[in-house]
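Observations on the three-dimensional arrangement
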Amino acid sequence: MGCDSRSVAEIIDADAFEVSKFGHTTRQISVRMQEITDAAKRGLGTWVEIDTQHQAMVEEARGSIACPWPHLGRFIKRVTTVKHLDSGQIIRWTDLNVHLIAEHGFFEGRGSAFRIEPGKLAKVIF
Amino acid sequence: MFLTVIIAVGVVSSIGAGLAALLVVSERFLTDYGPCKITVNDEREFTIEGGRSLLFVLGGEKLFIPSACGGRGTCGLCKLKVLEGAGPLLPTEDERESNVRLACQVKVHDNLKIEIPQELLSIREYICKCTNIKDLTHNMKQFRFELVEPESIDYIPGQYIQLLTPVYEKNSEEVYRAYSISSDPSDKNAIELIIRLVPGGICTTYCFEYLKVGDQVKMNGPYGDFRLSDSDAQIIFIAGGSGMAPIKCMLHDMKNTGDKRKVTYYFGANVAKELFLIDLMCDFESELEDFTFVPVVASPEKGESWDGERGLVTEAVQRNLKNASQCEAYLCGSAGLIDAAIEILTELGMKEEAIFYDKFE
């Protein structure tokens, strides 16, 4: 949650609205994130050309992180870094971020280490 | 309508959270489980006050069980057998083997009989002083810790320790993280670690931004079964990033013991400036009987002079190793690197049982 004083429901609603302003759904966003992560994994920790507009790389650390929602599911500590070649913008996410967005529509609270601003994310990955 | 739903969800969530908090507080302060006897391996018994997690209780008795998540039930490392006295399985325990439980998820409410693997009984806690921090790359540092209490450590090259991250500005509770030992094993009074900064990482942020030379830290160990075999087969080392740590430790050991095995070490980096400890590797080339270091750069930057191997580290292995059937491989790095290396090595004829690895997962 970081330092976000809003409730989880408020964060999810606000971010879903933000995503919709760019003509996408949280599902479409998570599918694109997963596509980029899967492509970047082939680089074994080095930069990979995703398409003419994007480069990405993945870095892994020891351990796994559990989803805070009450269901089974652990995610490798893998961070995907994506660079938009035209704008130079860089964005990072973890495997847990992809799951949280896909299954719960949750981009994390403001101030948390892996909060992703939906508007920036949509601009960078599409 | 929408506002009503939001309010209803908020009210229900608040009531649930309130009840959960009440339960935790009442269990902590009102419930008295009394003294509980814990029997370890039918050999050792001790009595503690019930109510805390088994992992916490064992730590208090200087019995250190591997744990990388600080007891949150997420790393799955603190498995042991609870033969008698444990409660039902919790959702975070997906291990269904007979009597195998996560020590962090077992609350001690009753007398317990447990089995701890023999190798874990020799694990100790070390109080150390940080005596040197050396920049290796933009996101990689080497830390040297001199042992204060006890003053020396014995470990097998390839093993790891768990470093305790204390409470600090960005972390509200103590957690342990596992790091491979990179030092020369003949230097028994110190431990060196090679740590890569993980964005948002609790322990790595502490090490990079808060830990200073002169600070005291706690670690425990050694753990792990990643180690050199006793054979005289040719060795292929493959690593990337902080995967350098256990390989470096093994190379020191080979030098110390006069090991004459033929060794080729493929080490991958994104760009040439991300390679590190090159001088040390050159020293090993002259000091070891038959050692070749092969740095591999994925994409040399413009203006960067690089006439060595290019591409992925696995591609370099494929180009240079024609027949791996008589070799052994030791791999350290990400799950992706290790999976890719295993695929290449088996294609080159290496038997799976000759491939040893330390996977970051």
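Residues numbered from 1 in each chain as written. Chains lettered and ligands numbered in written order. Predicted model: local features only at pLDDT ≥ 70, side-chain atom pairs only at ≥ 80, totals over all residues. Heavy atoms only, no water.

Observations concerning the overall build of chain B
- Within chain B one finds seven helices and 17 strands.
- Looking at chain B residue by residue over its 361 residues, the buried ones come to 50%.
- Partitioning the intrachain contacts of chain B with sequence separation of at least 6 by distance along the chain shows that 67% fall at a separation of at least 24. (Helix = DSSP H or I, 4+ residues; strand = E, 2+ residues; numbered from the N terminus. Buried < 20%, exposed > 50% of the residue type's maximum accessible area, 1.4 Å probe, protein only. Contact = heavy atoms within 4.5 Å.)

Points about the packing of helix α6 (residues 313-320) of chain B against helix α7 (residues 335-347) of chain B
All names here are of chain B.
- Closest axis-to-axis distance for the α6/α7 pair is 9 Å, and the angle between their directions is 15°. The pairing of α6 with α7 is recorded here as roughly parallel in orientation. Where α6 crosses over α7, the two elements pack in a sense that is right-handed. Together, Val 313, Thr 314, Val 317 and Gln 318 of α6 and Leu 337, Ala 340, Ala 341, Ile 344, Leu 345 and Glu 347 of α7 make up the contact between the two elements.
- Residues belonging to the contact of α6 with α7 are distributed by class as follows: seven nonpolar, two polar and one charged. (Axes fitted to C-alpha atoms, helices over the stretch in contact; angles between N-to-C directions. Parallel < 35°, antiparallel > 145°, perpendicular 65-115°, else oblique. Left-handed = near helix turned anticlockwise from the far one by under 90°. Nonpolar A, V, L, I, M, F, W, Y, C, P; charged D, E, K, R; others polar.)

Focus on the pattern of salt bridges
- The final tally for this structure, using the stated rule, is 25 salt bridges over all chains.
- Note that Arg 196 of chain B and Glu 59 of chain A form a salt bridge whose closest N and O atoms lie 3.2 Å from each other. Of this pair, Arg 196 of chain B sits in strand β10 (residues 190-196) while Glu 59 of chain A sits in strand β2 (residues 54-66), which puts the two residues in different chains.
- The class of Arg 196 of chain B is buried, set by a relative accessible area of 14%.
- The structure contains a network of salt bridges with shared partners spanning Arg 144, Glu 146, Asp 187, Glu 192 and Lys 248 of chain B. (Salt bridge = Lys/Arg side-chain N within 4 Å of Asp/Glu carboxyl O.)

Section: the pairing of strand β4 (residues 90-94) of chain A
Residues and elements named next belong to chain A.
- Bridge count between strand β3 (residues 74-84) and β4: five bridges; the pairing is antiparallel. Within the sheet, the bridge partner assigned to Thr 81 lies in β4 and is Arg 92.
- Count of turn residues in the β3/β4 antiparallel hairpin: five residues, of which Gly 88 carries a positive phi of about 75°. (Pairing = 2+ DSSP bridges.)

What about the nonpolar core?
Residues and elements named next belong to chain B.
- Phe 237, Leu 251, Tyr 265 and Phe 291 are the most contacted members of the largest nonpolar core, which has 30 residues in total.
- If you list the elements that add at least two residues to this core, you get β12 (234-240), α4 (244-257), β13 (262-269), α5 (278-287) and β14 (290-297).
- No other element matches the six residues that α4 contributes to this core.
- Those residues in contact with Phe 237 that sit more than four places away from it in its chain are Leu 228, Ile 247, Met 250, Leu 251, Met 254, Val 263, Thr 264, Tyr 265, Tyr 266 and Tyr 330.
- One finds Ile 65, Leu 80, Val 106 and Ile 116 within the second-largest nonpolar core, a separate group that totals 28 residues. (Core = buried A, V, L, I, M, F, W, Y, C linked by side-chain atoms within 4.5 Å.)

Things to note about the sheet that holds strand β5 (residues 112-115) of chain B
Residues and elements named next belong to chain B.
- Ordered by their spatial adjacency, five strands build an open sheet running β2-β1-β5-β3-β4, and the pairing between neighbours is mixed. The two strands at the open ends of the sheet, each matched to only one other strand, are β2 (44-49) and β4 (100-102). If you compare each strand with its neighbour and ignore which way they point, the axes differ by 40° on average.
- Pairing of strand β3 (residues 79-84) with β4 involves three bridges; the strand directions are antiparallel. Residue Lys 79 lies in a different strand from β4, and its bridge partner there is Leu 102.

With respect to the sheet that holds strand β6 (residues 124-137) of chain B
Residues and elements named next belong to chain B.
- Sheet architecture is open: six strands sit in the order β9-β8-β11-β6-β7-β10, paired in antiparallel fashion. In this open sheet, the two edge strands, each paired with only one partner strand, are β9 (175-180) and β10. The sheet shows a mean angle of 40° between the axes of neighbouring strands, taken without regard to direction.
- Sheet analysis places strand β8 (residues 160-165) next to β9, joined by six bridges and oriented antiparallel.

Section: the environment of Ser 186 of chain B
Residues and elements named next belong to chain B.
- Along the chain, the position of Ser 186 falls in the loop between β9 and β10.
- Accessibility expressed as a relative area gives 48% for Ser 186, which makes it partly exposed.
- As for Ser 186 and Tyr 155, which are separated by 31 residues in sequence, their C-alpha atoms are 9.8 Å apart.
- Within the structure, the side chain of Ser 186 is placed 2.9 Å from the side chain of Asp 184, a separation counted as a polar contact. (Polar contact = N/O pair within 3.5 Å; in protein donor to acceptor, adjacent residues only side chain to side chain.)

Examining unusual backbone geometry
All names here are of chain B.
- In this structure, Pro 150 follows Glu 149 across a cis peptide bond, with omega equal to -10°.
- Checked against the element boundaries, Pro 150 lands in the loop between β7 (140-149) and β8.
- The omega angle of the peptide bond from Gly 221 to Pro 222 is 0°, so this bond is cis rather than trans.
- Counting through the fold element by element, Pro 222 comes out in strand β11 (residues 216-223).

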